[in-house]
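In case you want the letters, here they are:
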Amino acid sequence: MEARRVVIVGAGMAGVQTAVELRRQGWRGPITLMGDEPHAPYDRPPLSKAVLLGGEGAAAPVDTRFDVDFAHLGVELRLGLRAQALRTDRRELITDAGPLPYDLLVLATGAYALSLPGTTGLDHVHPLRTLDDAVALRPVLDRKESVVVVGAGWIGAEFATAARQSGCEVTVVEAAERPLADVLPASVTTHMARWYEEAGVELRTGTRVAAVEPGGVVLADGSRLAAASVVVGIGAHPATGWLAGSGVALDPQGAVRADDRLATTAEGVYAVGDCASFPSARYGRRLLVHHWDNAVQGPRTAAANLLGGDERYDPVPYFWSEQFGRFVQYAGFHREQDTLVERGDLASGSWSVLWLRRGVLVALLAVERPRDMAQARKLIAAGAELDPGPAADPAVPLKAAVRAG
């Protein structure tokens, strides 16, 4: 084992955590961690928060680098190196600097932000996924420019929050009839839509962007919105195009199709983080989770299995968002047919909603109720059955709503 080399492709949270976990769990062989960005590996959640709001005229952005001593860990760090192809028959990774042999390989390439058609090369159109993206947007906030945000999802709301805090005039355009229409029901998002108005953000729903022009955005209904800058937050796609012809199977969403041990269809190749989907026995379907917690948990399982273990990966998905002065958390996975239970007044500043499947708690969304979330994560993991009556009372601890028996 000591002579075998692990190569990790992708130096984000999932890749870094895989290297750290391999050493923590006893891997003694060489580890190479490569990333296509020139920057030292960094954490992404602060990009839409601390980096953007680092202070007007600050000489340098907020430091988001991981507190990891790669030299001390014995991890070879190769930055600014892009994977171009994979030859699994030769156990060889093709990079823009030449071939890189491996014995075991971990795919942790993450995902890239989707762009609006026809906007390539426009200097005033920005995604928000990388450190360079956040740094490029800092002057926009410093100058208090008028901004149009395309997409009322999690990242769109977070950027709109930061932009309003900086004094920008902000309009958010969403193709669906409401924010977060693809992940939350109307009974919930109707209340969340009001947060935009309270923050002084104009929310335009049910219309698409037809074109982006210098100084503005033209909508499908013919109206034009003035904007010095445009920020696009319409989702992300797994960064897996370079795997074509490699023997590593992809799912219909373009993610690496990992099994419940996070192994791929190619021998000796594993996948973690945003680039990979995995089957969940808990939820009876394959999950693709583009959130920080998945990039932390997956590497523990992948490292154990790289070391010869046989551990199953079936986490309770979890993420959080800070928007319009509220701390929003979600755990689990729900479907439209699950029973929704409101816990508190959704028009207030603190509430939760939970979803039951045949009485079993499968998901919870909490707004400024961290205690609900802390208990819910444990109850979901345990497959606990709740009594809807007590569960709907915000004065009753969730754990006290568990049915006896």
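Everything numeric in this text was worked out from a predicted model, so none of it was measured. For every chain, the first residue of the written sequence is number 1, and numbering continues from 1 onward in sequence order. Per-residue local features of the predicted model are confined to residues with pLDDT of at least 70, and side-chain atom pairs are confined, for both listing and counting, to 80 or more; whole-chain, interface and lining totals are unaffected and use all residues. In computing side-chain properties, one takes all heavy atoms of the structure into account and sets aside hydrogens as well as water.

(A) Here's a closer look at the overall build of the chain. Starting at the N terminus, helices and strands are each numbered in turn, a helix being any DSSP run of H or I of at least four residues and a strand any DSSP run of E of at least two. When you go through the chain residue by residue, the secondary structure sums to eight helices and 26 strands. Relative to the compact-globule value of 22 Å for 405 residues, the chain shows a C-alpha radius of gyration of 22 Å, a close match. When the backbone C-alpha atoms are referred to their principal axes, the chain occupies close to 65 × 60 × 35 Å. Whether a residue is buried, partly exposed or exposed follows from its accessible area with a 1.4 Å probe, protein chains only, as a fraction of its type maximum: under 20%, in between, or over 50%, in that order. Looking at the chain as a whole, 52% of its 405 residues qualify as buried. Throughout, the radius of gyration refers to the C-alpha atoms, and the reference size of a globule is 2.2 Å times the residue count to the power 0.38.

(B) Here's a closer look at the side chain of Thr64. With respect to the helices and strands, the residue Thr64 is situated in the loop between strand E2 (31-35) and helix H2 (70-73). When residues no more than four places from it in sequence are discounted, the contact partners of Thr64 are Tyr42, Asp43, Pro46 and Val51. Between two residues, a contact is recorded if the distance between any of their heavy atoms is within 4.5 Å.

(C) View of the sheet that holds strand E11 (residues 169-174). The criterion for strand pairing is that DSSP finds at least two bridges linking the strands in question. Read across the sheet, five strands follow the order E9-E16-E10-E11-E12 without closing on themselves; strand pairing throughout is parallel. Because the sheet does not close on itself, it has two edges, and the strands there are strand E9 (125-126) and strand E12 (202-205). As defined by bridge partners, strand E10 (residues 146-150) adjoins E11 across five bridges and the pair is classed as parallel. Bridge pairing in E11 links Val148 to Thr171.

(D) Geometry of the sheet that holds strand E1 (residues 6-9). Taken in spatial order, the five strands make up an open sheet running E3-E2-E1-E7-E19, and their pairing is parallel. Each having just a single partner strand, strand E3 (75-79) and strand E19 (269-271) make up the two edges of the open sheet. Averaged over all adjacent pairs, the angle separating strand axes in this sheet is 20°, with direction ignored. Two elements, E1 and E2, share four bridges in a ladder whose sense is parallel. Of the residues in E2, the one forming a bridge with Val6 is Ile31. Note on method: axes are straight lines fitted to C-alpha atoms, helices fitted across the in-contact stretch only, with angles between N-to-C directions ranging 0 to 180 degrees.

(E) Structural view of helix H7 (residues 370-382). To estimate the expected span of a helix, count its residues, drop one, and scale the result by 1.5 Å. Taking 1.5 Å of rise per residue, 13 residues should cover 18 Å, and H7 covers 19 Å from first to last C-alpha, within 8% of that figure. Asp372, Met373, Gln375, Ala376, Leu379 and Ile380 are the residues of H7 that are buried. One or two residues past the end of H7 sits Gly383, with phi positive at roughly 65°.

(F) Representation of unusual backbone geometry. Phi is positive for Lys144, close to 55°, though the residue is something other than glycine. Counting through the fold element by element, Lys144 comes out in the loop between helix H3 (131-142) and E10. For Glu368, which is not glycine, the phi dihedral falls at a positive 55°. Checked against the element boundaries, Glu368 lands in the loop between strand E26 (360-367) and H7.

(G) Just the side chain of Arg357, in detail. Position of Arg357 relative to the elements: it lies in strand E25 (residues 351-357). Nitrogen and oxygen atoms within 3.5 Å of one another constitute a polar contact, given that in protein one can donate a hydrogen and the other can accept it, and given that sequence-neighbouring residues count only through two side-chain atoms. A distance of 2.8 Å separates polar atoms of two side chains, one belonging to Arg357 and the other to Asp338. Excluding residues within four positions of it along the chain, Arg357 makes contact with Tyr283, Phe333, His334, Arg335, Asp338 and Val362.

(H) Inspection of the nonpolar core at higher detail. In terms of nonpolar packing, the biggest core is built from 94 residues, with Ile8, Phe159, Trp351 and Leu365 touching the most fellow members. Considering every element that reaches this core, the biggest residue donor is E26, with seven residues. Discounting residues that sit within four places of it in the chain, Phe159 has contacts with Leu52, Leu128, Leu137, Leu141, Val147, Val149 and Val231. Among the nonpolar cores identified, the runner-up in size contains 20 residues, and Leu93, Leu107, Val269 and Cys275 belong to it. Among the buried residues, those of types Ala, Val, Leu, Ile, Met, Phe, Trp, Tyr and Cys that are joined through side-chain atoms within 4.5 Å form a nonpolar core.

(I) Structural context of the packing of aromatic side chains. Only the six-membered ring of Trp is used, alongside the rings of Phe and Tyr, when aromatic pairs are assigned; centres must lie within 6.5 Å, and planes under 30 degrees apart are stacked while those over 60 apart are edge-to-face, with the rest tilted. Using the criterion set out here, one finds eight aromatic pairs in the structure. Look at Trp154 and Phe319: their rings are 4.8 Å apart centre to centre, the planes differ by 70°, and that puts the pair in the edge-to-face class. With a gap of 165 residues between them, Trp154 in helix H4 (residues 154-165) and Phe319 in strand E22 (residues 318-323) connect regions that are remote in the sequence. A relative accessible area of 18% means that Trp154 is categorised as buried. Relative to Phe333, the ring of Tyr283 lies with its centre 5.7 Å away and its plane at 70°, an arrangement referred to as edge-to-face. Here Tyr283 is found in the loop between strand E20 (276-280) and strand E21 (285-288), whereas its partner Phe333 is found in the loop between strand E23 (326-332) and strand E24 (339-343), with 50 residues between them in sequence. Taken individually, Tyr283 and Phe333 each receive the classification buried, so the pair is uniform in this respect. A connected cluster of aromatic rings, assembled from ring pairs, spans Trp154, Phe319, Tyr330 and Trp355.

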